[in-house]
Amino acid sequence: MIGEIMKTKLSLAALLAGGMMVATSGSASAADLGGDCCADLEERVATLEATTARKGNRKVSLKISGWVNKAILIWDDGNDSDAYVVDSTYASTRIRFTGGAKINHEWSAGYRIEIETLTDRTFEVSQASDDNGGGERLRIRDSNMFIKSKSLGKLTWGFGSSPTDNLTFSSNVGGFSSITSGAQADFLGNSSFTVNGIRLFLLSGSLQSASFFESSFLTNIVRYDSPTIGGFTISASWGEDDFYDVAIKTTQKFGDFTFKASAGYRVFEGDDTTGSARGIKKEENLLANFGLMHNPTGLFIHGQYSGFEYDTSIAANDPDDTYGWHLQGGIKQRWNSLGKTTLWGGYTEINNGYARATTAQIAAGTDTELSKVQLGLIQEIDAAAMHLYITYEHQEFDISNQAAIDDIDMVLMGGVIKF
């Protein structure tokens, strides 16, 4: 009896051992990736450790992103012509560090640091120089932190963008983002190119910003952004030395149409403003933008308005109110396997945009007009997160107390690759 029991136990043990060997053999075959499985795993872990961004703790995330934007600028001012390799002023090459942490189901906190390269920017090259006026250097664009509530909104403090900065991009349904802003109304009108010895940005910019429609402005601020309610968001900020602004944005869909709109108001006053050549004590700026796209066809239209009023301490230096508008239309469709293609055209007009000019250059009461005709193409390459673009611009000038000025033709062609 005992012998039979022992035989049964030995048979079961042999059966279990055989099953384990089969299972182990099958698992080894399934996990075998061309060598010892443990060595392969260790190699992969080492690779991940070598390519992962290091951070100080596991509670706050870290994300690295940005883009490189390089182009060739070809210009002809009627007397001379040339070609330069440049970096876009409005979409300069940059690297961004962002991250955050969840506090609870309602609250979170985070940060943003962004650094741009300033190398031969479109704003600083001119007929006389293809180099960056201040040399190759880096600039901080953002260095701020925030705390956010799902129901109450977001509060940001530090160095960064106010609500009216980049406001026009929020309503451009054609998909022109800041990375391909050669397609925007500002393009090269606000540059160091000269007409009759006057830099162009003196004819097409406000006192505080050389970007007429963007009102680009980076400073130390406290900013609030509301939650999105019914497709609307409201933002406001206060900055050092008496700067403040407010903006409202919306996105709405009606059947086959997408409609976007934004409006903003900002004010500069204080020591930074009164230090101007014209003794300007206060600058007020009103901006409005809209965009409408027919989604099935990709046809779109986009419009912008920007107006400035000034209060000066020297009446004789008081510039006239400045205003300008831009209208563009085009089509965005996928005509090839690379990605969507955008074809567009636009017209811009800026009147009396000479707040930065001295009275020796342009006397108070002088009427100035800068008009621009633009054509462009953007080809998206989805597989490489890349945009290739080419933009043509024809600029004409009229200054009431000066002789006729030659027109300027410019072509900007290049690419952006995001990471």
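Residues numbered from 1 in each chain as written. Predicted model: local features only at pLDDT ≥ 70, side-chain atom pairs only at ≥ 80, totals over all residues. Heavy atoms only, no water.

1. What to know about the overall build of the protein
In terms of regular secondary structure, the protein is built from three helices and 21 strands. Counting only carbon and sulfur atoms, one obtains 60% of the accessible surface of the protein, whose full area is about 20600 Å². (Helix = DSSP H or I, 4+ residues; strand = E, 2+ residues; numbered from the N terminus. Areas by Shrake-Rupley, 256 points an atom, 1.4 Å probe, with all protein chains shown as cover.)

2. Remarks on a negative patch on the surface
Together, Asp-76, Asp-80, Asp-82, Asp-130, Asp-131 and Glu-136 give the surface a local cluster of negative charge. For Asp-80, the position within the fold is in the loop between strand S1 (63-76) and strand S2 (81-87). (Patch = residues over 30% accessible without salt bridge, like charges linked within 9 Å, V, L, I, M, F, W, Y side chains within 5 Å. Salt bridge = Lys/Arg side-chain N within 4 Å of Asp/Glu carboxyl O. Lys, Arg positive; Asp, Glu negative; His and termini not counted. Charge placed at Lys NZ, Arg CZ, Asp CG, Glu CD.)

3. Details of the nonpolar core
Judged by nonpolar contacts, the single largest core of 35 residues is most densely connected at Leu-73, Tyr-84, Val-86, Phe-193, Val-195, Leu-203 and Phe-397. Sorting the residues of this core by element identifies S1, S2, strand S15 (299-312), strand S19 (368-381), strand S20 (386-399) and strand S21 (408-418) as the ones contributing at least two each. Apart from the residues lying within four places of it in its own chain, the contact partners of Phe-397 are Val-195, Leu-200, Leu-203, Glu-369, Leu-370, Ile-405, Asp-406 and Ile-408. (Core = buried A, V, L, I, M, F, W, Y, C linked by side-chain atoms within 4.5 Å. Buried < 20%, exposed > 50% of the residue type's maximum accessible area, 1.4 Å probe, protein only. Contact = heavy atoms within 4.5 Å.)

4. Observations concerning the pairing of S19
Across the 14 residues of S19, ten count as buried, placing the element largely inside the fold. As defined by bridge partners, strand S17 (residues 341-351) adjoins S19 across eleven bridges and the pair is classed as antiparallel. Residue pairing across strands places Tyr-347 opposite Val-373, the latter belonging to S19. Summarising the sheet, S19 and S20 pair through 14 bridges and their orientation is antiparallel. Paired with Gly-376 across the strands is Thr-391, a residue of S20. Counting the residues that bridge the hairpin from S19 to S20 gives four residues, and of these Ala-385 lies at a positive phi of roughly 50°. (Pairing = 2+ DSSP bridges.)

5. A short note on the pairing of strand S6 (residues 153-161)
Looking along a regular strand, one sees the side chains alternate between the two faces of the sheet. Note that strand S5 (residues 137-149) and S6 share seven bridges and pair antiparallel. In the strand pairing of S6, Ile-147 is matched with Leu-155. Across eight bridges, S6 lies against strand S10 (residues 218-225) in antiparallel orientation. Among the inter-strand pairings, Gly-158 is bridged to a residue of S10, identified as Ile-221.

6. A look at the packing of aromatic side chains
Under the counting rule described, the total for this entry stands at four aromatic pairs. Seen from their ring centres, Trp-75 and Tyr-84 are 6.1 Å apart, and the 55° between their planes marks the pair as tilted. In this structure Trp-75 comes out as buried when scored by relative accessible area, which is 2%. Accessibility expressed as a relative area gives 5% for Tyr-84, which makes it buried. (Phe/Tyr/Trp six-rings, centres within 6.5 Å; stacked < 30°, edge-to-face > 60°.)

7. Examining the pattern of salt bridges
A complete count under the given rule lists twelve salt bridges for this structure. Between Arg-139 and Glu-116 there is a salt bridge, with its nearest N and O atoms 2.4 Å apart. Of the two residues, Arg-139 sits in strand S5 while Glu-116 sits in strand S4 (residues 107-118), which places them 23 residues apart along the sequence. We classify Arg-139 as partly exposed; its relative accessible area is 34%. Taking relative accessible area as the criterion, Glu-116 reaches 0% and is therefore assigned buried. Linked by salt bridges that have partners in common, Arg-94, Arg-96, Arg-112, Glu-114, Glu-116, Arg-139, Arg-141 and Asp-142 make up one network.

8. Focus: the side chain of Asn-352
Looking at where Asn-352 falls in the secondary structure, it is placed in the loop between S17 and strand S18 (353-354). Residues within four places of Asn-352 in sequence aside, it is in contact with Asp-320, Asp-321, Thr-322, Thr-366, Asp-367 and Thr-368.

9. Examining the environment of Met-413
In this structure, Met-413 sits in strand S21. Counting along the chain gives 343 residues from Met-413 to Lys-70, while the straight-line C-alpha distance between them is 8.6 Å. Setting aside its immediate chain neighbours within four residues, Met-413 contacts Ala-71, Ile-72, Ile-74, Tyr-389 and Ile-390.

10. Overview of the environment of Arg-121
Position of Arg-121 among the secondary structure elements: in the loop between S4 and S5. Judged by its relative accessible area of 10%, Arg-121 falls in the buried class.

11. Quick notes on unusual backbone geometry
For Ala-385, which is not glycine, the phi torsion reads 50° and is therefore positive. Assessed through its relative accessible area of 33%, Ala-385 is described here as partly exposed.

12. Re the confidence of the model for the protein
Fine structural detail should not be taken from predicted coordinates in areas where pLDDT scores are low. On average, residues of the protein score 80 in pLDDT, and 77% of them reach the 70 mark or higher. Ranking the elements of the protein by mean pLDDT puts helix H1 (residues 2-31) last, at 45, and S6 first, at 96. Confidence drops under a pLDDT of 50 for residues 5-33, and excluding neighbours within four residues, the segment shows three contacts in the predicted structure. Counted against residues more than four places away or in other chains, residues 178-186, with its pLDDT under 50, gives 46 contacts. (pLDDT = per-residue confidence, 0-100.)

13. Examining the environment of Asp-87
Position of Asp-87 among the secondary structure elements: in strand S2. For Asp-87, a relative accessible area of 0% puts it in the buried group. Once the C-alpha coordinates of Asp-87 and Thr-117 are considered, the two residues, 30 residues apart in sequence, prove to be 8.6 Å apart. The contacts of Asp-87, once residues within four sequence positions are left out, are Asn-69, Lys-70, Ser-92, Thr-93, Thr-117, Thr-119, Asp-120, Arg-121 and Thr-122. Engagement of the side chain of Asp-87 in a polar contact is seen with the side chain of Lys-70, the distance being 3.2 Å. (Polar contact = N/O pair within 3.5 Å; in protein donor to acceptor, adjacent residues only side chain to side chain.)

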